[in-house]
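# Coordinate analysis (summary)
Okay, here's what each chain looks like letter by letter:
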Amino acid sequence: MEQAAPDPERLLQPAPLEPLSHADAGLESVVGEEAKGARDEGPGDGTMTENNFSLKKIEISVSEAEKRTGRNAMNMQETYTAYLIETRSVEHSDGQSVLTDSLWRRYSEFELLRNYLLVYYPHIVVPPLPEKRAEFVWHKLSADNMDPDFVERRRIGLENFLLRVASHPILCRDKIFYLFLTQEGNWKETVNETGFQLKADSRLKALNATFRVKNPDKRFIELKHYSDELQSVISHLLRVRARVADRLYGVYKVHGNYGRVFSEWSAIEKEMGDGLQSAGHHMDVYASSIDDILEDEEHYADQLKEYLFYAEALRAVCRKHELMQYDLEMAAQDLASKKQQCEELATGTVRTFSLKGMTTKLFGQETPEQREARIKMLEEQIKEGEQQLKSKNLEGREFVKNAWADIERFKEQKNHDLKEALISYAVMQISMCKKGIQVWTNAKECFSKM
């Protein structure tokens, strides 16, 4: 009979992987193999099936947003926004075109879909939803979630969320996601029938695991710290951008005073009047252009906000790993305790204080038959515990392997997206400055003609 309990620190140690700052050369093959085992059962008919469901063959768009009024679960009247999702098959098996499928979804239904994905795919960095209420806004921008400009940006964000899920090698195969795009009626009931709410880990349990786990994986600790820092730097960047937008708006609008002054001045001048009037017109155009400029900036800000919310998705993967590690350690501890009890019964020695030992001293020893029965029961429990520990160990190793493959995929996506967003933002700023130079160049020509 084994005397020593398994070391939980060694049980959940995966093969060494490269740090997060280096791409994994074998990422595509790992993800590809993992995708083959994804949940791929789906409806057997309809214009779209999960066998051909990929961005190469399916176009997804959130084309419209509509303000509606209805009754909520408490039978109270409420105003909400519904979004029209359109899906169209680019290629069909028989080469014929297929009609576009369309249905309406509320933001809360997008939330339900994402919550389901978080539970069933805990090793995946699930794409975030756009903000429900505007954050990091400059003072002239409305924070009302019913504001048309905000609703339009959220429509774009929801479409981006669907495209992110549809382009993921595993999430795109999910049946519930497929039904979200194609089944308008009873979709919520279908999701709830999966029982995903019962499988969701409680926040209290996750918090308990965070503080009580003894042997956390250093890479996941570093990943959690990275996600905190990523959220912090993007938050600061968005705040700086909002302050700059406030000041830039003021500077541009003040140029409108140039236009007013030049126009008033032109009224009292004969020879210089036309030049002053034209220069004033250029200043007015310059002052009014800031509204469109800052509206374009909001789209770049929304791209940054997506990765602000991605930070929480990274932490969700880390929390799940902590929970699995904590469960593994508790299983190893319980198994060690049972083995010690079995040894003490077999040898008749008690190594540590226990209530059972004190009871034995007070009320007498057990009969040989009772001791044999307890030993037999403990041996059965030990055998079952060893199987459970082995199962948890394998499950933990698989989680680490799959999670790190998806984290590498996310890292490559993040680097590409943020690089493109920052370059595009810089190009926009350069273009804005060139327009300002052009305005003053035109004004100079107007002054030269006076």
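Now for a quick tour of the structure.

Here is what the cut-offs are and how they apply
Residues numbered from 1 in each chain as written. Predicted model: local features only at pLDDT ≥ 70, side-chain atom pairs only at ≥ 80, totals over all residues. Heavy atoms only, no water. Helix = DSSP H or I, 4+ residues; strand = E, 2+ residues; numbered from the N terminus. Buried < 20%, exposed > 50% of the residue type's maximum accessible area, 1.4 Å probe, protein only. Contact = heavy atoms within 4.5 Å. Areas by Shrake-Rupley, 256 points an atom, 1.4 Å probe, with all protein chains shown as cover. Pairing = 2+ DSSP bridges. Axes fitted to C-alpha atoms, helices over the stretch in contact; angles between N-to-C directions. Salt bridge = Lys/Arg side-chain N within 4 Å of Asp/Glu carboxyl O. Parallel < 35°, antiparallel > 145°, perpendicular 65-115°, else oblique. Left-handed = near helix turned anticlockwise from the far one by under 90°. Phe/Tyr/Trp six-rings, centres within 6.5 Å; stacked < 30°, edge-to-face > 60°. Expected span 1.5 Å × (residues − 1). Polar contact = N/O pair within 3.5 Å; in protein donor to acceptor, adjacent residues only side chain to side chain. Core = buried A, V, L, I, M, F, W, Y, C linked by side-chain atoms within 4.5 Å.

## Some words on the overall build of the protein chain
Of the regular secondary structure elements, the protein chain holds 13 helices and 3 strands. Sorting the 450 residues of the protein chain into buried and exposed places 40% on the buried side. Residue pairs in contact within the protein chain that sit at least 24 positions apart in sequence constitute 78% of those at least 6 positions apart. For the protein chain, the accessible area works out to roughly 25,700 Å², and carbon and sulfur atoms hold 52% of it.

## Re the environment of R239
Tracing the sequence through the fold places R239 in helix α9 (residues 218-266). Judged by relative accessible area, R239 falls into the partly exposed class, the value being 40%. As for R239 and E135, which are separated by 104 residues in sequence, their C-alpha atoms are 9.6 Å apart.

## Some thoughts on the sheet that holds strand β3 (residues 101-106)
Through backbone hydrogen bonds, the strands of a sheet pair up, either in parallel or in antiparallel fashion. Read from one edge to the other, the open sheet built from 3 strands follows the order β1-β2-β3, with strand pairing classed as antiparallel. Strands with a single pairing partner mark the edges of an open sheet, and in this sheet they are β1 (58-71) and β3. On average, adjacent strands in this sheet sit at an angle of 25° to one another, irrespective of strand direction. The pairing of strand β2 (residues 77-89) with β3 spans 6 bridges and is antiparallel. Paired with E86 across the strands is S102, a residue of β3. Helix α3 (residues 107-120) contacts β2 and β3 of the sheet and is inclined by roughly 95° relative to β3. The strands touched by helix α4 (residues 148-167) are β1 and β2; relative to β1, the strand with the most contacts, the crossing angle is about 135°.

## Structural notes on unusual backbone geometry
Despite not being glycine, N186 shows a phi value in the positive range, around 65°. Tracing the sequence through the fold places N186 in the loop between α5 (175-182) and α6 (187-193). Of the residues examined, N186 reaches a relative accessible area of 54% and is grouped as exposed.

## Overview of the pattern of salt bridges
Here the structure, examined in full by the defined rule, presents 24 salt bridges. As a salt-bridge pair, D406 and R409 come within 2.9 Å of each other at their nearest N and O atoms. Placement of both D406 and R409 in helix α13 (residues 368-448) is noted, with a separation of 3 residues, approximately one turn of the helix. On the basis of relative accessible area, D406 is assigned to the buried category, the value being 3%. Each member of the salt-bridge network shares a partner with another, and the members are D228, E312, R315 and R319.

## Observations concerning the packing of α3 against α4
The geometry of α3 relative to α4 is characterised by a closest axis approach of 12 Å and an angle of 30° between their N-to-C directions. For the element pair α3 / α4, the angle class is roughly parallel. The way α3 lies across α4 gives a crossing that is left-handed. Residues Y107, F110, L113, R114 and L117 of α3 pack against R154, L158, F161, L162 and V165 of α4.

## A short note on the packing of aromatic side chains
Applying the stated rule across the entire model yields 14 aromatic pairs. Measuring from centroid to centroid gives 6.0 Å for Y116 and F196, while their planes differ by 85°, and the two rings are edge-to-face. Of this pair, Y116 sits in helix α3 while F196 is found in helix α7 (residues 196-199), placing the two residues 80 residues apart along the sequence. One exposure class covers both Y116 and F196, and it is buried.

## Here we look at α9
Compared with the 72 Å implied by 1.5 Å per residue over 49 residues, the 72 Å span of α9 between its first and last C-alpha is a close match. If you check the start of α9, you find a side-chain oxygen 2.9 Å away from the backbone N of R219, and it comes from D217.

## Here's the deal with the nonpolar core
Counting 33 residues, the largest nonpolar core has I85, F110, L113, L117, L162, F180 and W187 as the members making the most contacts within it. When contributions to this core are tallied by element, the ones reaching two or more residues are β1, β2, α3, α4, α5 and α6. The residues contacting F110, other than those within four sequence positions of it, are I85, R105, L129, L158, F161, L162 and F180. If you look at the next biggest cluster of nonpolar residues, it comprises 23 residues, including L308, L314, V400 and F410.

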